[in-house]
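# Structural characterization, general
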Amino acid sequence: MKIVVIGGTGLIGSKTVERLRGQGHEVIAASPNTGVNTITGEGLSEALAGTDVVLDLANSPSFEDKAVLEFFETSGRNLIAAEKAAGVRHHIALSVVGTERLQESGYFRGKLAQEKLIRQSGIPYTIVHSTQFMEFLSGIAQSGTVGQTVHLSPAYVQPIASDDVADAMAKAALSAPANATVEIAGPERVRLSELVARYLKATNDARVVEADPEARYFGARLDDNSLVSNDNPHLGNITFEQWFATSKSAK
Ligand SMILES: NC(=O)c1ccc[n+]([C@@H]2O[C@H](COP(=O)([O-])OP(=O)(O)OC[C@H]3O[C@@H](n4cnc5c(N)ncnc54)[C@H](OP(=O)(O)O)[C@@H]3O)[C@@H](O)[C@H]2O)c1
């Protein structure tokens with residue numbers, strides 16, 4: 001089977017490409033760095049020729065409100081048009097658990113726009129909603145940092161390791177389209193402020209976390225249900241302690 005992974009050089013993309021190639025599939029890791037750009041259209045129709053399945057694992061280079069919306073709308077439109085021309089049979093995209101509840105945030109308005117284009121495209125699809133990646137904890141800490149204090153909501157999170165996400169994406173590529181949203185999450189539910197405090201301590205980072213229910217998560221106020229799934233998500237196996245013990249990005 002020929003599979004194109006848009007964003008195939010990224011965190012989840014590169015691990016997913018590795019898994020699918022390991023199972024003997026013909027896989028193109030498509031990204032600007034490999035000559036395929038979903039914004040300009042460069043290399044897109046050539047990459048998609050004869051493709052059965054497309055996994056969209058790209059992310060916006062800028063998280064600024066307008067830039068994110070433009071990225072996911074333009075990329076989504078170009079990709080859908082190219083997939084229709086190539087006769088692609090299954091489009092899979094990675095989005096975030098709670099996207100529809102986080103619409104105060106420009107980033108999540110961009111993700112919802114991406115999802116809407118997919119649902120309306122007529123191409124059989126699977127949207128995978130994931131909770132926060134463990135590898136993203138340092139980015140979350142950075143987003144709440146003012147001086148030496150990290151302001152974060154104590155809302156619940158259920159972080160998942162990128163290896164578990166890549167397993168789920170590879171599995172979705174080899175399964176029939178769900179024509180629905182499916183959810184994946186990590187094995188443990190913890191409070192965001194407490195988890196980031198543990199992470200900073202474990203990485204010998206001197207910043208101090210202040211739990212503040214009003215602290216915004218990329219622009220959105222959180223409650224205990226915002227970032228977690230109550231819909232029986234498929235659970236990853238890797239705990240925070242296991243991830244921390246083995247992951248390079250945790251050191
Ligand atoms: N972070 C989280 O906790 C979280 C949780 C749930 C879902 N997600 C979603 O997971 C997805 C993947 O995230 P990630 O952290 O793996 O991303 P990442 O490591 O930042 O990688 C982004 C990828 O997008 C590619 N890209 C950028 N502009 C492109 C363009 N114009 N055309 C084609 N490809 C382009 C990049 O290519 P180059 O290397 O060539 O620049 C790179 O391969 C995102 O959609 C995100 O919303 C994230």
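This text goes with the structure placed above it.
Here the structure is a predicted model, which is why all the values come from computation and not from measurement.

## Some details on the site of the ligand
Around the ligand, the surrounding shell holds 26 residues, and the nearest of these are Thr9, Ser31, Ala58, Tyr107 and Lys111. Gly7 places a polar main-chain atom, nitrogen or oxygen, 3.3 Å from an oxygen atom of the ligand. One of the side-chain N or O atoms of Lys111 is found 2.8 Å from an oxygen atom in the ligand. Expressed as a share of its isolated accessible area of 930 Å², the protein-covered part of the ligand is 84%. For the shell around the ligand, the secondary structure elements donating two or more residues are α1 (11–22), β4 (90–96) and α4 (106–120). A total of three residues in the shell around the ligand trace back to one element, the largest contributor, which is β4. The residue inventory of the shell around the ligand, partitioned by class, reads 13 nonpolar, 12 polar and one charged.

## Some words on helix α6 (residues 162–173)
Its 12 residues give α6 an end-to-end C-alpha distance of 16 Å, which sits within 8% of 16 Å, the value for a rise of 1.5 Å per residue. Burial within α6 is extensive, with nine of its 12 residues counted as buried. By the burial criterion, the buried members of α6 are Ser162, Asp164, Val165, Ala166, Ala168, Met169, Ala170, Ala172 and Ala173. Where α6 is buried, its residues meet β1 (2–6), α1, β3 (53–56), β4, β5 (125–130) and β9 (181–185).

## Side note on the sheet that holds strand β11 (residues 208–211)
The three strands lie next to each other as β6-β7-β11, forming an open sheet whose pairing is mixed. At either end of the open sheet lies a strand with only one pairing partner, and these are β6 (145–146) and β11. Pairing between β6 and strand β7 (residues 149–152): two bridges, direction antiparallel. Along β7, the bridge assignment pairs Val146 with Thr149. Across the face of the sheet, helix α7 (residues 192–202) comes into contact with β7 and β11 while running at roughly 175 degrees to β11.

Thresholds applied
- Residues numbered from 1 in each chain as written.
- Predicted model: local features only at pLDDT ≥ 70, side-chain atom pairs only at ≥ 80, totals over all residues.
- Heavy atoms only, no water.
- Near = heavy atom within 4 Å.
- Polar contact = N/O pair within 3.5 Å; in protein donor to acceptor, adjacent residues only side chain to side chain.
- Areas by Shrake-Rupley, 256 points an atom, 1.4 Å probe, with all protein chains shown as cover.
- Helix = DSSP H or I, 4+ residues; strand = E, 2+ residues; numbered from the N terminus.
- Nonpolar A, V, L, I, M, F, W, Y, C, P; charged D, E, K, R; others polar.
- Expected span 1.5 Å × (residues − 1).
- Buried < 20%, exposed > 50% of the residue type's maximum accessible area, 1.4 Å probe, protein only.
- Contact = heavy atoms within 4.5 Å.
- Pairing = 2+ DSSP bridges.
- Axes fitted to C-alpha atoms, helices over the stretch in contact; angles between N-to-C directions.

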